[in-house]
Amino acid sequence: MKILQIDHLGIAVNSIDEGKNFWSGVLGLPFQGAETVSEQKVTTAFFPVGESEVELLESISADGPVAKFIEKKGTGFQHIAFRVEDIDAALRELKEKGVQLIDQEPRIGAGGARIAFLHPKATGGILVELCQRD
Ligand code: ZN
């Protein structure tokens, strides 16, 4: 597969409003608004950093994946997202290699990107997201 760059780093927070105080208020990263992805029970906010971004994730439901993550591990670094040229080809390749996936097929994430998650059991404990933007 062809990985083009680190697309973003995902950080689980209790509150995007509070998170904004540090990432925008202290570090000066531009805040470009928040977006709710109902299917994932999460509100996300992206802060551009050069070619990459910081993504804050706030759960909108106690049983969502981000709420469960915070329950187990606390707030903080949650996933790394790599931008790939062709996510369908990347997933095919990973399946051929027997890599455990959370998403067998790409789905639509924040900003309309096509995304898929690899299982942390297959990566040494880090949640890895692949992401294709057209
Ligand atoms: Zn992400």
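Provided above is the structure to which this section pertains.
Residues numbered from 1 in each chain as written. Predicted model: local features only at pLDDT ≥ 70, side-chain atom pairs only at ≥ 80, totals over all residues. Heavy atoms only, no water.

S.K.: Give me the pairing of strand β2 (residues 34–37): which residues, what numbers.
M.R.: Bridge count for β2 against strand β3 (residues 42–49) is four bridges, and the pairing is antiparallel. Looking across to β3, one finds that Ala34 is bridged to Ala45. Hairpin geometry of β2 and β3 is characterised by an intervening segment of four residues between the two adjacent antiparallel strands and by a positive phi of about 55° at Lys41. (Pairing = 2+ DSSP bridges. Helix = DSSP H or I, 4+ residues; strand = E, 2+ residues; numbered from the N terminus.)

S.K.: Residue-level account of the nonpolar core, with values.
M.R.: By size, the foremost hydrophobic cluster in this structure holds 11 residues: Ile80, Val84, Ile87, Ala90, Leu91, Leu94, Leu101, Ala116, Leu118, Val128 and Leu130. Where this core is concerned, the elements lending two or more residues are β5 (76–84), α3 (87–96), β7 (114–118) and β8 (127–132). Counting residues per element, this core draws most heavily on α3, at four residues. Contacts of Ala116, omitting those with residues within four sequence positions, involve Ile87, Leu91, Asp103, Pro106, Val128, Glu129 and Leu130. (Core = buried A, V, L, I, M, F, W, Y, C linked by side-chain atoms within 4.5 Å. Buried < 20%, exposed > 50% of the residue type's maximum accessible area, 1.4 Å probe, protein only. Contact = heavy atoms within 4.5 Å.)

S.K.: Lay out the coordination of the zinc ion with the relevant residues and their values.
M.R.: In ideal tetrahedral geometry, four donors around a metal make angles of 109.5 degrees, whereas ideal octahedral geometry with six donors gives angles of 90 or 180 degrees. Coordination sphere of the zinc ion, protein contribution only: His8 (NE2), Glu55 (OE), His79 (NE2) and Glu129 (OE), at 2.1 to 2.3 Å. Geometry at the zinc ion is irregular, judged from the four donor atoms that bind it and their angles of 84 to 172° at the metal. Sequence spacing of the donors to the zinc ion: H-x46-E-x23-H-x49-E. Linking His8 in strand β1 (residues 3–13) with Glu129 in strand β8, this pair joins segments that are 121 residues apart in sequence. Neither His8 nor Glu129 differs from the other in exposure class; each is buried. (Donors = N, O, S within 2.8 Å, 3.2 Å for Na, K, Ca; no water. Tetrahedral: all angles 85-135°; square planar, octahedral: opposite > 155°, others 65-115°.)

S.K.: Mind laying out unusual backbone geometry, listing which residues take part and the relevant values?
M.R.: Its identity as a non-glycine residue notwithstanding, Lys41 has a phi of 55°, on the positive side. For Lys41, the position within the fold is in the loop between β2 and β3. Taking the relative accessible area as the measure of exposure, Lys41 reaches 30% and is therefore partly exposed.

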